[in-house]
Amino acid sequence: MPQPPRILSVLGTRPEAIKMAPVLHALRDAGWAEARVLSTGQHRKLLDEQLAFFEVAADRDLAVMRPDQDLTELTAALLPALDHALDEERPDLVLAQGDTTTVLTTALACCYRGVTFGHVEAGLRTGDLRAPFPEEANRVVADQLAALHFAPTADAAANLEHEGKRGHVYVTGNTVIDALLWTRARIGAAPPKSGGDTRRRVLVTTHRRESFGAGLAGILEAVRRIAARGDVEVVLRVHPNPPVESAVRSTLGGTASVRLCAPLPYPELVRELDRCDLVLTESGGVQEEAPTLG
């Protein structure tokens, strides 16, 4: 009896866990393949929380995260670790989602090993390799190396076709919406505001590397001025990256009408999105999720 094909899904960050969860559930439920999950551990605690919520367990964990690790060190650590994992796992197909360093190095490792690589959320482009950085470069390279391209939209597929990828491009829809609706069904609708509270709720997230410095300072000053109006409640999710956390707490710590919170587990983020009146964000994922909830 022939062995079923082995599909290895690689993920390493919180957004990858969220966006790959519907794919992992579908592979697990379909039963025609041996579906395995490899975690690089690029984000540690944030990743583990999401995997647990989505009832996904990693079959293999590379645990590459180190304190204050830069992109060069992370890339250098990931490539040999992934190569060793591919050698032992012997997958027929490897899947990875998005535009992180995990995705870039997975695509490279598969190329070196001659393993078929499929890119989930393929074809997103800004046309500027420095914005977003390093994500634009990561996804461009990953798409060059991929044999299968799973594009979320027709526009993304058109980008791939413009670059010469005229075969094996599939428009699948955006898996983060599947994850969002699955989560909302599990946690239920957000409770109404407490009686008498007429303030509008503003959810703010900021974490992008290209905003560090003057850009982040401008964002936080704008948030402070919005909060000073007195008719809003600002909920700001503080990313654990030290430059972000330091700037946020020094500018907004103790500010009335501003509630600073740690990065929210995904179900709590969905609940906040459901409750808020306005979202101010530089997060690609949140930009996709917010319109779905109106």
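Residues numbered from 1 in each chain as written. Predicted model: local features only at pLDDT ≥ 70, side-chain atom pairs only at ≥ 80, totals over all residues. Heavy atoms only, no water.

**A look at the nonpolar core**
Item 1. Membership of the largest hydrophobic core comes to 36 residues, with the highest contact counts inside it found for Leu11, Met20, Phe54, Leu95, Tyr266 and Leu273.
Item 2. Elements that contribute at least two residues to this core include exactly β1 (6-11), α1 (14-30), α2 (45-53), β4 (93-97), β6 (148-151), α7 (175-187), α10 (266-275) and α11 (284-292).
Item 3. In this structure, phenylalanine 54 is in contact with Ala17, Ile18, Ala21, His25, Ala179, Trp182, Thr183 and Tyr266, ignoring residues within four places of it in sequence. (Core = buried A, V, L, I, M, F, W, Y, C linked by side-chain atoms within 4.5 Å. Buried < 20%, exposed > 50% of the residue type's maximum accessible area, 1.4 Å probe, protein only. Helix = DSSP H or I, 4+ residues; strand = E, 2+ residues; numbered from the N terminus. Contact = heavy atoms within 4.5 Å.)

**Observations regarding helix α8 (residues 214-227)**
Item 1. For α8, which comprises 14 residues, the first-to-last C-alpha distance of 20 Å matches the rise-based estimate of 20 Å (1.5 Å per residue) to within 8%.
Item 2. Within the sequence span of α8, burial applies to Leu216, Leu220, Val223 and Ala227. Looking down the long axis of α8, one finds its buried residues gathered within 55 degrees of arc, a one-sided arrangement. Across from the buried face of α8, at angles greater than 90 degrees, the exposed residues are Ala214 and Arg225.
Item 3. Those residues of α8 that are buried lie in contact with β8 (200-206), β9 (232-238), α9 (242-252) and β10 (258-261). (Expected span 1.5 Å × (residues − 1). Arc of directions from axis to C-beta.)

**Remarks on the sheet that holds β10**
Working definition: the strands of a sheet are paired by backbone hydrogen bonds and lie parallel or antiparallel to each other.
Item 1. Taken in spatial order, the four strands make up an open sheet running β10-β9-β8-β11, and their pairing is parallel. Both outer strands of the open sheet, β10 and β11 (278-281), are each paired with one neighbouring strand and no more. For this sheet the average axis-to-axis angle between neighbouring strands, irrespective of direction, equals 20 degrees.
Item 2. Note that β8 and β9 share seven bridges and pair parallel. Looking across to β9, one finds that arginine 200 is bridged to valine 232.
Item 3. Together, β8, β9 and β10 form the strand contacts of α9, whose direction differs from that of β9 by roughly 155 degrees. (Pairing = 2+ DSSP bridges. Axes fitted to C-alpha atoms, helices over the stretch in contact; angles between N-to-C directions.)

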